[in-house]
Amino acid sequence: MKKLLLSSIAFVFLLTSCGSKTKGELVGAQGKKWYPEKPYGMELIPRGAFIMGKSEEDQAKTLNAPTKTVTVRSFYMDDTEITNSEYRQFVEWVQDSVIRTRLAILADELGLSAEDGGIGDYAYKDTDTTDMSAYQKYMADNYMDFDNRPLSRDEELILDVNDYPDEYYVEVMDSLYIPEEESYNGQRTIDVTKLKYKYNWMDIEAAARSQSGSRKDFIRKEELEIYPDTTVWIRDFEYSYNEPMHNDYFWHDAYSDYPVVGVNWKQAQAFCNWRTKFKNDDQKSRGKQFVNKFRLPTEAEWEYAARGGIEGGTYPWGGPYVISDTGCFMANFKPQRGDYAADAALYTVEAKSYEPNDFNLYNMAGNVSEWTNSSYDPSSYDYVSTMNPNGGDGANSRKVIRGGSWKDVAYFLQVSTRDYEYADSARSYVGFRTVQDYMGEEDSTNGNGL
């Protein structure tokens with residue numbers, strides 16, 4: 001019997017070998033074919049070398065940007081700053097998840113499922129094991145907790161108080177709104193401090209440089225409030241009336257296409273993580289490979305993109321002037337002492353205002369300053385690499401911002417000017433845009449990746 005079994009195994013192996021498409025040749029492991037897509041709303045910035053730093057007199061005498069030839073790899077960059085509308089999509093997703101999580105937890109505590117109706121319609125998906133695979137059941141029994149159990153997103157959330165299905169649903173929703181004593185004019189809104197986003201990430205640089213430690217030692221857990229700080233419009237300017245901006249700027253549709261502000265560096269990083277997850281959840285549902293992560297640009301990437309391929313330019317349009325041949329200002333900034341409106345704007349303007357640079361990027365100078373991934377060190381140009389330079393330092397809370405803003409003078413609009421804010425600071429004049437590493441693009445002639 002044993003000989004017969006061994007003979008059968010050998011025969012099967014022989015058939016498998018004979019039927020192999022490789023014919024015994026080294027052809028490489030065959031994975032899924034990669035058909036990359038150009039990310040929505042982004043422009044491809046081709047790899048290249050450029051002279052980074054001040055190529056003209058540093059009028060502020062900061063001496064923190066000596067010239068240095070560096071090379072950056074290809075990447076995609078948002079053609080505009082992240083807008084209020086785009087950031088609201090993030091906020092609404094988090095709000096949706098927070099509500100569903102609280103509903104699912106209470107349903108779990110009450111032992112309710114979809115069969116019971118009411119709040120049971122929002123129970124965790126793993127409460128029904130009927131259609132679960134052996135792997136899903138094993139994972140649910142051994143690794144699932146409240147933070148990573150699958151939420152049910154099939155049922156629409158009910159936001160009209162008159163349509164709440166049962167008292168348990170009322171209890172959950174009531175816990176998310178501001179207390180009655182804090183509401184006025186009949187408006188009782190969601191308590192935005194409860195809109196928290198949780199995510200994990202791995203500190204690859206720390207892990208690579210470490211001489212010891214296991215993988216888990218370099219996994220960082222983040223949990224933070226993600227709603228923009230709208231009070232920046234008041235706090236940034238004392239003895240100034242900016243209450244309308246505080247009240248309306250982020251949520252009103254009139255400002256949907258304006259750049260989001262009041263977002264600190266950590267919140268911008270959380271947005272990048274969410275955008276990656278949001279895209280890859282869709283990729284997974286369609287059986288496609290994951291895309292690489294969205295992130296903040298390095299300081300070098302930002303300057304290279306801002307220059308738009310113009311060697312030695314002072315501004316994204318070249319320069320050295322901030323006024324065009326027709327007498328129009330080229331960006332949104334503070335052109336004269338006390339006169340913010342000379343450039344036809346007082347605060348921010350829509351993200352697609354003014355002419356884009358030669359990489360088709362809008363407002364790389366003015367409108368809002370932009371967070372980068374790099375930490376600020378006035379002497380970093382002396383020691384960073386000439387290949388994809390980045391002064392990243394987790395212990396340094398000063399993060400580089402670039403581009404100048406609506407409240408800055410022309411000096412800060414220069415592509416080489418460096419400035420910084422603290423990572424936990426939110427400002428009415430600081431926003432951000434994201435980038436994604438280039439991994440090839442689709443060839444429209446034959447459908448193959450280049």
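Residues numbered from 1 in each chain as written. Predicted model: local features only at pLDDT ≥ 70, side-chain atom pairs only at ≥ 80, totals over all residues. Heavy atoms only, no water.

Chemist: What am I meant to see in the pattern of salt bridges here?
Modeler: Note that side chains of opposite charge can pair when their charged atoms are close. Throughout the structure, instances matching the rule amount to 28 salt bridges. Here E43 makes a salt bridge to K38, at a shortest N to O gap of 3.6 Å. The class of K38 is partly exposed, set by a relative accessible area of 47%. Residue E57 pairs with K61 through a salt bridge whose shortest N-O separation is 3.3 Å. A relative accessible area of 55% places E57 in the exposed class. With relative accessibility at 54%, the residue K61 sits in the exposed group. (Salt bridge = Lys/Arg side-chain N within 4 Å of Asp/Glu carboxyl O. Buried < 20%, exposed > 50% of the residue type's maximum accessible area, 1.4 Å probe, protein only.)

Chemist: Hey, could you run me through the packing of aromatic side chains in this one?
Modeler: The geometry of two aromatic rings is summed up by the distance between their centres and the angle between their planes. The full count for this structure, using the stated rule, is 33 aromatic pairs. A ring pair is formed by Y87 and F90, whose centres lie 5.4 Å apart and whose planes are at 90°; its orientation type is edge-to-face. Here Y87 pairs with F90, and both are found in helix α2 (residues 84-110), just 3 residues apart, close to one helical turn. Like F90, Y87 is buried. Judged by centre distance (4.8 Å) and plane angle (20°), the rings of Y376 and Y420 are stacked. Pair noted here: Y376 is in the loop between β8 (369-375) and β9 (398-402) and Y420 is in strand β10 (residues 419-422), with a separation of 44 residues, a long-range link. Its relative accessible area of 9% is what places Y376 among the buried residues. By relative accessible area, which is 28% here, Y420 ends up partly exposed. One Lys or Arg, R275, reaches over the ring of F294 and ends 4.2 Å from the middle of that ring. K407 extends its terminal NZ or CZ atom over the ring of Y429, reaching a point 4.3 Å from the ring centre. (Phe/Tyr/Trp six-rings, centres within 6.5 Å; stacked < 30°, edge-to-face > 60°. Helix = DSSP H or I, 4+ residues; strand = E, 2+ residues; numbered from the N terminus. Lys NZ or Arg CZ within 6 Å of the ring centre and 35° of its normal.)

Chemist: How should the layout of surface pockets be read in this particular structure?
Modeler: Unoccupied space between atoms shows up once a probe the size of one water molecule is rolled over them. Put simply, the second largest pocket is a space of about 1200 Å³. Every residue lining the second largest pocket is counted, 32 residues in all, and those nearest its centre are T189, I190, V192, Y227 and W251. When residues of the lining of the second largest pocket are assigned to their parent elements, the largest contribution, 4 residues, is made by α2. Here the lining of the second largest pocket is built from residues that sort into 12 nonpolar, 11 polar and 9 charged. (1 Å grid on protein atoms, 1.4 Å probe; cavity = no way out; pocket = protein on both sides within 12 Å on 5 of 7 lines; lining within 4 Å. Points joined across faces, edges and corners; volume = space filled by probe spheres on them. Nonpolar A, V, L, I, M, F, W, Y, C, P; charged D, E, K, R; others polar.)

Chemist: Help me understand the nonpolar core in this model?
Modeler: Most often, soluble globular proteins keep nonpolar side chains buried together rather than apart. Ranked by internal contacts, the top residues of the largest apolar core, which has 54 residues, are Y87, F90, Y197, I226 and F432. At 10 residues, α2 tops the list of elements feeding residues into this core. Once you skip the residues sitting within four places of it in the chain, Y197 turns out to touch F90, W93, V94, E222, E223, L224, I226, A270, N273, W274 and K277. In terms of nonpolar packing, the next biggest core, distinct from the first, is built from 19 residues, V70, V72, F75 and A300 among them. (Core = buried A, V, L, I, M, F, W, Y, C linked by side-chain atoms within 4.5 Å. Contact = heavy atoms within 4.5 Å.)

Chemist: Would you mind going over the side chain of T434 with me for this structure?
Modeler: Within the secondary structure, T434 is located in the loop between β11 (430-431) and β12 (435-437). Judged by its relative accessible area of 0%, T434 falls in the buried class. Polar contacts involving the side chain of T434 include one to the side chain of D78, which spans 2.6 Å. A polar contact is formed between the side chain of T434 and the side chain of R275, at a distance of 2.8 Å. Leave out the neighbours within four places in its chain, and T434 touches M42, Y76, M77, D78, I82, F271, C272, R275, F294 and R295. (Polar contact = N/O pair within 3.5 Å; in protein donor to acceptor, adjacent residues only side chain to side chain.)

Chemist: What is the right way to look at the packing of α2 against helix α4 (residues 167-176) in this model?
Modeler: A packed helix pair is summarised by two numbers, namely the angle formed by the two axes and the spacing between the axes. As a packed pair, α2 and α4 sit with axes 10 Å apart at the nearest point and diverge in direction by 140°. Regarding the angle of α2 to α4, the classification is oblique. Remark: the crossing between α2 and α4 carries right-handed chirality. The segment α2 lies against α4, with V98, I99, R102, L103, L106 and L110 engaging Y168, Y169, E171, V172, M173, S175 and L176. Residue classes in the contact of α2 with α4 are distributed as 10 nonpolar, 1 polar and 2 charged. (Axes fitted to C-alpha atoms, helices over the stretch in contact; angles between N-to-C directions. Parallel < 35°, antiparallel > 145°, perpendicular 65-115°, else oblique. Left-handed = near helix turned anticlockwise from the far one by under 90°.)

Chemist: Quick question: what am I supposed to make of helix α8 (residues 265-285) here?
Modeler: Owing to its 3.6 residues per turn, the α-helix aligns residues three or four sequence positions apart on the same side. With 21 residues, α8 extends 31 Å between its outermost C-alpha atoms, agreeing within 8% with the 30 Å of an ideal straight helix rising 1.5 Å per residue. Two to three positions downstream of the cap, the backbone nitrogen of K266 sits 3.1 Å from a side-chain oxygen, assigning the N-cap of α8 to N264. G287 sits one or two positions beyond α8 and adopts a positive phi of about 70°. (Expected span 1.5 Å × (residues − 1).)

Chemist: Just checking my understanding: could you explain the side chain of N367 for this structure?
Modeler: Within the secondary structure, N367 sits in the loop between α9 (299-307) and β8. A distance of 3.4 Å separates polar atoms of two side chains, one belonging to N367 and the other to E81. Engagement of the side chain of N367 in a polar contact is seen with the backbone nitrogen of V349, the distance being 2.8 Å.

Chemist: Got a minute to help me understand empty space enclosed by the protein in this structure?
Modeler: Counted under the stated rule, the structure contains 3 cavities of 30 Å³ or more. In terms of lining residues, the largest cavity is bounded by M52, E299, A300, S374, S375, S380, Y381, V384, P389, N390, G391 and R418. Elements with a contribution of two residues or more to the lining of the largest cavity: α9 and β8. Grouping the constituent residues of the lining of the largest cavity by class yields 5 nonpolar, 5 polar and 2 charged. In this model, the second largest cavity occupies a volume close to 50 Å³. If you go around the second largest cavity, the residues you meet are N84, P228, D229, T230, V232, W233, M245, Y249, F250, V260, V261 and G262. Of the residues contributing to the lining of the second largest cavity, the split by class is 8 nonpolar, 3 polar and 1 charged.

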